[in-house]
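Here's the letter readout for the chains.
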Amino acid sequence: MSLGPYASFIVTSYALVAAVVVLLIVWIIADYRRQQARLQELEASGVTRRSGRSTVDVR
Amino acid sequence: MTLTDLANPTRFLALTTRILPWLAGATTVLLAIGLYQSAMAPDDYQQGATVKIMFIHVPNAWLSMFVWGVMSVAALGTLVWRHPLADVAAKAAAPIGAAFTFLALVTGSLWGRPMWGTYWEWDARLTSVLILFLMYLGLIALWRSVEDPSRAARAAAILTLVGAINIPIIKFSVDWWNTLHQPASVFRMGGPTLDKAFLWPLLVMALAFSLLFITLHLAAMRNEILRRRVRSLQMMQASRVAFSSEVGAGSRDGHASNEIGAA
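Residues numbered from 1 in each chain as written. Chains lettered and ligands numbered in written order. Predicted model: local features only at pLDDT ≥ 70, side-chain atom pairs only at ≥ 80, totals over all residues.

*Asks:* Quick question: what am I supposed to make of the overall build of chain A here?
*Replies:* Assigned secondary structure in chain A consists of one helix and zero strands. Burial statistics for chain A: of 59 residues in total, 15% are counted as buried. (Helix = DSSP H or I, 4+ residues; strand = E, 2+ residues; numbered from the N terminus. Buried ≥ 20, exposed ≤ 12 C-beta atoms within 10 Å, placed from the backbone.)

Next up, the structure:
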């Protein structure tokens, strides 16, 4: 597969899209873990939901 | 499961836990097929291999407008139907939409340099997409500047619906004004003008990026629901501390007055 004289433009485009998509995924996963950790901290300190269910219970 | 059932955040969280792995798997498979087809697609007779940029530029450009559409429906959900997850959906979509719009702008610019001889031109299509990107940033700033999510939701919903005017302007800008950008070649009266060798990889990539958006959006909505649980628990904790310190101060005062009375 030859990309011709403008290969740098094509490769840069694909690399940039890959980088931004990976960043989005990492950011969302890190945010999820951060919120879970905060909820567990609060639960450990004795603060619970009015329903009495675990703060991290999603079932 | 109906839309009303999903109004319950706990049920929504349970649903996302079940379907997110499947969505992520389907997105990965479709992206792999789309990338393979894009790599194998022939060179265009005029553009050469730079036509491969189309397979990532166009899905990002479509999604930049589609995400605003999703946020507009969510804005109606906030203002009209008062659905409890509507503003969660709107807030979670904004950064993802901003990322797709940024990618549409930059990949378009990188495609434009070899084809048009310039990275940027202040014409109707490019400028209206830049305005869309700035509106996404404005919405994100609005959500972050108001601490109470329910108060921010109404202002953000109004701004989103006002900004929706820009979507048909972007879509039809290539027909209404003279622009460097080519007119619509897929969604147009009379059918697509693209050859099937380019159309199929493009449609597969568009489907893959749409699934990517759905996956990321559901995951970001789950995060937002958890963030709001953290916020409400922190407020409960703060009010308990304030209450117990008030009670403590009250009992000390009572004890002191008893001592005075005893004296």
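*Asks:* Would you explain the overall build of chain B in this entry?
*Replies:* Secondary structure summary: chain B contains seven helices and zero strands in total. Here chain B has a C-alpha radius of gyration of 25 Å; the compact-globule value for 263 residues is 18 Å, and the former is much larger. Out of the 263 residues belonging to chain B, those deemed buried represent 35%. For chain B, contacts bridging at least 24 residues in sequence account for 77% of all contacts bridging at least 6. (Rg over C-alpha atoms; globule rule 2.2 N^0.38 Å. Contact = placed C-beta atoms within 7 Å.)

*Asks:* Help me out: how do you make sense of the UniProt feature "transmembrane region" (unreviewed entry) in chain A in this one?
*Replies:* As annotated in UniProt, the feature "transmembrane region" (unreviewed entry) corresponds to residues 6-30 of chain A in the numbering used here. Annotation note: span residues 6-30 of chain A, helix share 96%, strand share 0%, distance between end C-alpha atoms 36 Å. (UniProt positions renumbered as here; feature names shortened; annotations may be inferred.)

*Asks:* Sorry, what's going on with the interface of chain A and chain B here?
*Replies:* You'll often see interface size given as the accessible area lost when the parts meet. Across the boundary between the two partners, chain A contributes 27 residues, which contact 34 residues of chain B. When its residues are assigned to classes, the side of chain A that touches chain B shows 17 nonpolar, seven polar and three charged. (Nonpolar A, V, L, I, M, F, W, Y, C, P; charged D, E, K, R; others polar.)

*Asks:* Before we go on, may I ask you to explain the nonpolar core in this structure?
*Replies:* For soluble globular proteins, nonpolar side chains are generally found buried alongside one another. B:Val67, B:Met71, B:Ala89, B:Ala90 and B:Ala93 are the most contacted members of the largest nonpolar core, which totals 69 residues. Taken together, the elements giving at least two residues each to this core come down to α1 (7-44) of chain A together with α2 (54-81), α3 (86-116), α4 (124-145), α5 (149-163) and α7 (196-262) of chain B. Top element by residues in this core is α7(B). It accounts for 17 residues. Not counting residues up to four positions away in its chain, the partners in contact with B:Ala93 are B:Val67, B:Val70, B:Met71 and B:His217. (Core = buried A, V, L, I, M, F, W, Y, C linked by C-beta atoms within 7 Å.)

*Asks:* How should I be thinking about α2(B) in this particular structure?
*Replies:* Along an α-helix, residues three or four apart share an orientation, since each turn contains 3.6 residues. Spanning 28 residues, α2(B) covers 39 Å between terminal C-alpha atoms, matching the ideal 40 Å at 1.5 Å per step. Backbone geometry just downstream of α2(B) places B:Arg82 in the positive-phi region, at approximately 50°. (Expected span 1.5 Å × (residues − 1).)

*Asks:* Whenever I open this one, the packing of α2(B) against α5(B) confuses me. Can you help?
*Replies:* Packed helix pairs are characterised by how far apart their axes lie and by the angle those axes make with each other. All names here are of chain B. Contact geometry of α2 with α5 gives a least axis separation of 9 Å together with a crossing angle of 135°. It follows that α2 is oblique to α5 by the angle criterion. Judged by the twist between their axes, the crossing of α2 over α5 is left-handed. Along its contact with α2, which presents Trp-68, Met-71, Ser-72, Ala-75, Thr-78 and Leu-79, the element α5 presents Ala-153, Arg-154, Ala-157, Thr-160, Leu-161 and Gly-163. Looking at the contact of α2 with α5, its residues break down into seven nonpolar, four polar and one charged. (Axes fitted to C-alpha atoms, helices over the stretch in contact; angles between N-to-C directions. Parallel < 35°, antiparallel > 145°, perpendicular 65-115°, else oblique. Left-handed = near helix turned anticlockwise from the far one by under 90°.)

*Asks:* Got a minute to help me understand the environment of A:Arg33 in this structure?
*Replies:* Relative to the helices and strands, A:Arg33 resides in helix α1. Considered as a pair, A:Arg33 and A:Ala19 are 14 residues apart in the sequence and their alpha carbons are 21 Å apart.

*Asks:* Just checking my understanding: could you explain the environment of B:Lys196 for this structure?
*Replies:* In this fold, B:Lys196 is placed in helix α7. The spatial distance from the C-alpha of B:Lys196 to the C-alpha of B:Gly48 is 16 Å, given a sequence separation of 148 residues.

*Asks:* Help me out: how do you make sense of the packing of α4(B) against α5(B) in this one?
*Replies:* All names here are of chain B. Direction vectors running N to C along α4 and α5 enclose 170°, while the axes themselves pass 9 Å from each other. For the element pair α4 / α5, the angle class is roughly antiparallel. Across the interface between the two elements, Met-135, Leu-139, Leu-142 and Trp-143 from α4 touch Ala-152, Ala-155, Ala-156, Leu-159, Thr-160 and Gly-163 from α5. For the contact of α4 with α5, the per-class residue count stands at eight nonpolar, two polar and no charged.

*Asks:* Can you walk me through α4(B) in this structure?
*Replies:* All names here are of chain B. If you check α4, its first and last C-alpha atoms are 31 Å apart, about what 22 residues at 1.5 Å a residue would give, namely 32 Å. Among the residues of α4, Ala-124, Arg-125, Leu-126, Val-129, Leu-132, Met-135, Tyr-136, Leu-139 and Trp-143 are the ones counted as buried. Where the residues of α4 are buried, they touch α2, α3, α5 and α6 (166-176).

*Asks:* Which parts of the structure should I look at to understand unusual backbone geometry?
*Replies:* Most peptide bonds take the trans form, and the phi angle of most residues other than glycine is negative. One non-glycine residue, B:Arg82, lies in positive phi territory at about 50°. For B:Arg82, the location among the structural elements is in the loop between α2 and α3.

*Asks:* What is the right way to read the environment of B:Leu218 from this model?
*Replies:* All names here are of chain B. Looking at where Leu-218 falls in the secondary structure, it is placed in helix α7. For Leu-218, a count of 20 C-beta atoms within 10 Å translates into the label buried. For Leu-218 and Leu-15, which are 203 residues apart along the polypeptide, the C-alpha to C-alpha distance reads 9.7 Å.

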